[in-house]
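# Chain and residue survey
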Amino acid sequence: MSNSFLNNLGLEFNDEQAMLLESAQQFCADIRSSGVVRDCLLAEQPYPGEVWQQMVELGWSGVSIAEEFGGSGLGIGSLVPVLEACGKVMLSSPLASTALAAHLLTRCGSKQQKKSYLPRLASGEAACLALLDNHDWGAEEIVTQLIKADDQWRLHGSKPLVMDAPLARLLFVLAQHNGEARFVILERSQLDDGQFAPDTLIDQTKRSASLEFTGTDVSTAQIISHSELAGVLQELHLLGALFTAAEATGSAAFTLDTTVEYLKTRKQFGRLIGSFQALKHPVVDILNDLNHCRSLLYHAATLCNQQSLNNDAEVACRMAKALASDTLVNAADRAVQFHGAMGFTYECDAQLAIRRAQWSQAMFGDAAHHRKRLAALLLDARHEA
Amino acid sequence: MTTADTETRELQEFRREVADWLAANKPEDPGFLLPQSFMEVGSEQVLDFLREWQYKLWSAGYLGMAWPREYGGGGRPAVYQTIADAEMRKARVPICFNTIGLGWAGPLIIDIGSEEEKARYLKGILSAEDIWCQGFSEPDHGSDLGSAQTRAVRDGDDYLVNGTKIWTTLGNFAKYMILLARTDPNAERRYDGLSYFLAPMTVPGIETRPIQKITGEYGFTETFFTDARIPAACRMGEEGQGWKIAMRTLQYERGAEAGAAGGIAIIPISTQDLLAMAADQQRDGQPVLQDPSSRDQLVQLMIEEKAIRLSDARADIPALCTDYPFSLPLSNKLRTSEWSRRMRQYAVSLQGNAGSRYVGDARAIEGGFWQRAYLNNFSVTIGGGTSQIQANIVGEHILGLPKS
Ligand SMILES: Cc1cc2nc3c(=O)[nH]c(=O)nc-3n(C[C@H](O)[C@H](O)[C@H](O)COP(=O)(O)OP(=O)(O)OC[C@H]3O[C@@H](n4cnc5c(N)ncnc54)[C@H](O)[C@@H]3O)c2cc1C
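Numbering of residues starts from 1 in each chain and follows the order in which that chain's sequence is written. Chain labels run from A onward and ligand labels from 1 onward, assigned in the order the entries are written. The predicted origin of the model limits local features to residues at a pLDDT of at least 70 and limits the giving and counting of side-chain atom pairs to 80 or more, whereas totals for whole chains, interfaces and linings rest on all residues. Processing note: side-chain calculations cover all non-hydrogen atoms of the structure and skip hydrogens and water entirely.

A few words on the site of the ligand. Neighbouring the ligand are 19 residues, the closest being Ser-137, Ser-143, Trp-167, Thr-169 and Thr-386 of chain B. Residues lining the ligand come from chains A and B. In protein, a polar contact means a hydrogen-donor-capable atom and an acceptor-capable atom, both N or O and within 3.5 Å, with residues adjacent in sequence counting only if both atoms are side-chain atoms; elsewhere, any N or O pair within 3.5 Å suffices. In this structure, an oxygen atom belonging to the ligand sits 2.8 Å away from a main-chain N or O atom of Ser-137 of chain B. At a separation of 2.8 Å, a nitrogen atom of the ligand approaches a polar side-chain atom of Thr-169 of chain B. Only the protein chains shown count as cover for residues, and the accessible areas themselves come from Shrake-Rupley with a 1.4 Å probe. For the ligand, the protein covers 68% of the area, taking 970 Å² as the surface of the free molecule. For the shell around the ligand, the secondary-structure elements that each account for two or more residues are strand E3 (158-169), helix H10 (369-382) and helix H11 (387-398) of chain B. Residues are sorted three ways: Asp, Glu, Lys and Arg are charged, Ala, Val, Leu, Ile, Met, Phe, Trp, Tyr, Cys and Pro are nonpolar, and all the rest, Gly among them, are polar. Tallied by class, the residues present in the shell around the ligand amount to six nonpolar, 13 polar and no charged. Note: domain ranges come from an automatic or database domain assignment. Two domains each provide a minimum of three residues to the shell around the ligand, namely domain 2 (133-253) and domain 3 (271-398) of chain B. Think of it this way: one heavy atom of a residue within 4 Å of a molecule or strand is enough to make that residue near it. Starting at the N terminus, helices and strands are each numbered in turn, a helix being any DSSP run of H or I of at least four residues and a strand any DSSP run of E of at least two.

Here is the structure:
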């Protein structure tokens, strides 16, 4: 019987990561006071473009990309505190998607593909991953096909809700060829407007699009094919869950702060409403949840900085996402309620939180999805071992 | 080779040494029920057994390892005791029951006590010769400890103490009590009227009446003071400083302040124990571990357990505690005791009909261990400050919310 997962309490934080975190917190503090997040909610353009440029200048787009390709070669887990800081000011960007694409290239790209694409990602060309063929993060079958006919590779299929597609210059499309997983690297210019339908999302800080690929021609150089691709696909799902958890944890902190602030200023019955235990105790519960989210998160980040993701890292990522989803959903739900009718307004920041929570729980699998897989990892392994 | 390597090797060797000693010296099953915590010592028989065990552990050098040598301690870095404690848990040896001395009064005396107090009390705490109890709670004042009414009136070189304390763990065995009593009923702030004593339990005028607990045994007492003469020399600090010292005591009790002598005060129970028990249980004719709803419940408990353990580890890394930096120990204490309660109740529910049996029934699963463990768990969600009071503290001191 193995319980190594319980005893693995790995938590590391080196000087480089500390510096990264500090600059992220500074940057995000400026973002908060600038009001740029609110300005962009209903704007046509995807994300505050100049903000992404600033993030690139800070080196974030290349954090996990090797130095020879223009990055700084830190572990991919180093992005976790950065994404948490962004989540804490509700700032969205293509950072996570771009990092996932870089991870895919690093692990499975050919020499030539690494050389052509990684420097572009490091220098701030945004990327997106088109993974799902439907709305089910648990589906294993890949529907979109990569077909070869008359000596020409061609895509056949469509992908809904491709996160960050509106800003992406490069699209990494998951498809199958004769039942085997492939990724296709598309330039944005290869899709015409008819193939590209922007989505209207509940979280208005986010941008995504639903894409139609049928008939898109692909050259051999654009195809990622690797014996370990299936395993790396699993890694992308886990890292995606981890990044979403990082952002959700930050957003839960944003939500908590928003609620606490109101509880300290709003008066009813001649008292500050924060003195009512019916409000105070649930808010303390949220803080306690948040503390647990952070612990799981930094642990998962530590394990993901190792070369390939082992069993313990998988357990850690799934736990981090399961708890962060539940925590944010609850924190945001209570934030609206504890603001009274003010919480029902568009002006109140609780709306940012509750909308983020619905988006975030779905992304890369909700809590129940991850707990189900954890059950297999934690309960069934006992019998086999 | 760096020093860190040498140290690690030294510690590894020490770990092995403790493990070997424990394997060779772990007491045989005495044939009667041993307590799951220091709050469950209800008979002389149990007391004698645990006293002998603690003495043996201390004589071997595995208790009070970081306490000063001149007072019976080992004078070594705290990490040795941490390792010894971990090995004790692993070997599942009996508890060290003199917790109120080892964990609370002892560190308090080391930190703020006089030379004389250190010389008089510390060694007896470690050897288990002197058992300690705590006289804070009163029948009418529990959570509202600051309103405690037990009176201490100065009379020459003594104080005359009158009043009633209650829920006194180990009260009928203790030689000393950390006592909170009111020396000035007219103080402007009620907190300022309190004083703190390292009081002998052996003077005339102190009587204890055992109280039967929810679990069935008699682990605590009601303690009556009738003109009990406590020497003024036993007062710790000045008159009126009792509240401050009592709050400091609670810091040790709640684990927010280090310095405990070591040993296991409460048997730890993990989800691994729960899984071992659940592996033999059935639901709908299937092993419980294959039942989807049970699986989800178990995983939720395991996620929380992992988060609790990681949070303990994270509290030692300041760079990872930048938000609400002081919240982690408080918030985790609250979580740990509440998680543990839910986990244990769930364990009883997993037993199906067998969950209705209790300690004493030969057919009870694991001798009724989980039923007893569940009931016992309320000692940590009530004793030492209830979960609700803890939540108030976190809300007010950490989040800055207004007082209730
Ligand atoms: C096993 C055990 C061992 C103990 N050992 C000792 C000992 O050795 N020495 C000692 O001095 N004491 C001891 N205690 C007593 C313990 O410290 C008290 O029980 C505790 O402080 C609570 O006080 P109370 O029991 O009077 O409950 P009360 O204070 O009467 O509380 C009753 C209920 O009201 C809630 N409540 C009270 N005030 C508030 C508030 N402001 N906001 C919200 N909810 C509130 C409480 O959470 C609780 O649910 C022990 C208790 C137990 C269970």
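Residue and element names in this part refer to chain B. One can read the domain layout of chain B as domain 1 (3-130), domain 2 (133-253) and domain 3 (271-398). Summarising the inter-unit geometry, the C-alpha centres of domain 2 and domain 3 are found 32 Å apart. Residue contacts are counted whenever heavy atoms from the two residues lie within 4.5 Å of one another. Opposite the four residues of domain 2 that make contact, domain 3 presents seven residues. Accessible area that two parts lose when put together, evaluated with a 1.4 Å probe and summed over both, is termed the buried area. For the pair domain 2 and domain 3, the summed buried surface comes to about 470 Å²; carbon and sulfur atoms form 63% of the total. Area buried by domain 2 at its contact with domain 3 is led by Ser-143, Ile-214 and Thr-215, which between them contribute 75% of it. Just to be clear on terms, a salt bridge is a Lys or Arg side-chain nitrogen sitting within 4 Å of an Asp or Glu carboxyl oxygen. For the pair domain 2 and domain 3, the number of links is zero salt bridges. Put simply, domain 2 and domain 3 have one residue pair in polar contact (both at pLDDT 80 or more) between them.

All right, on to the confidence of the model for chain B then. Residue and element names in this part refer to chain B. A residue's pLDDT is the confidence the predictor assigns to it, expressed on a 0 to 100 scale. Across chain B, the average pLDDT comes to 95, with 98% of residues at or above 70. The low-confidence segment residues 1-5 (pLDDT under 50) makes one contact with residues lying over four places distant or belonging to another chain. What the predictor reports for the complex is a pTM of 0.95 with an ipTM of 0.95.

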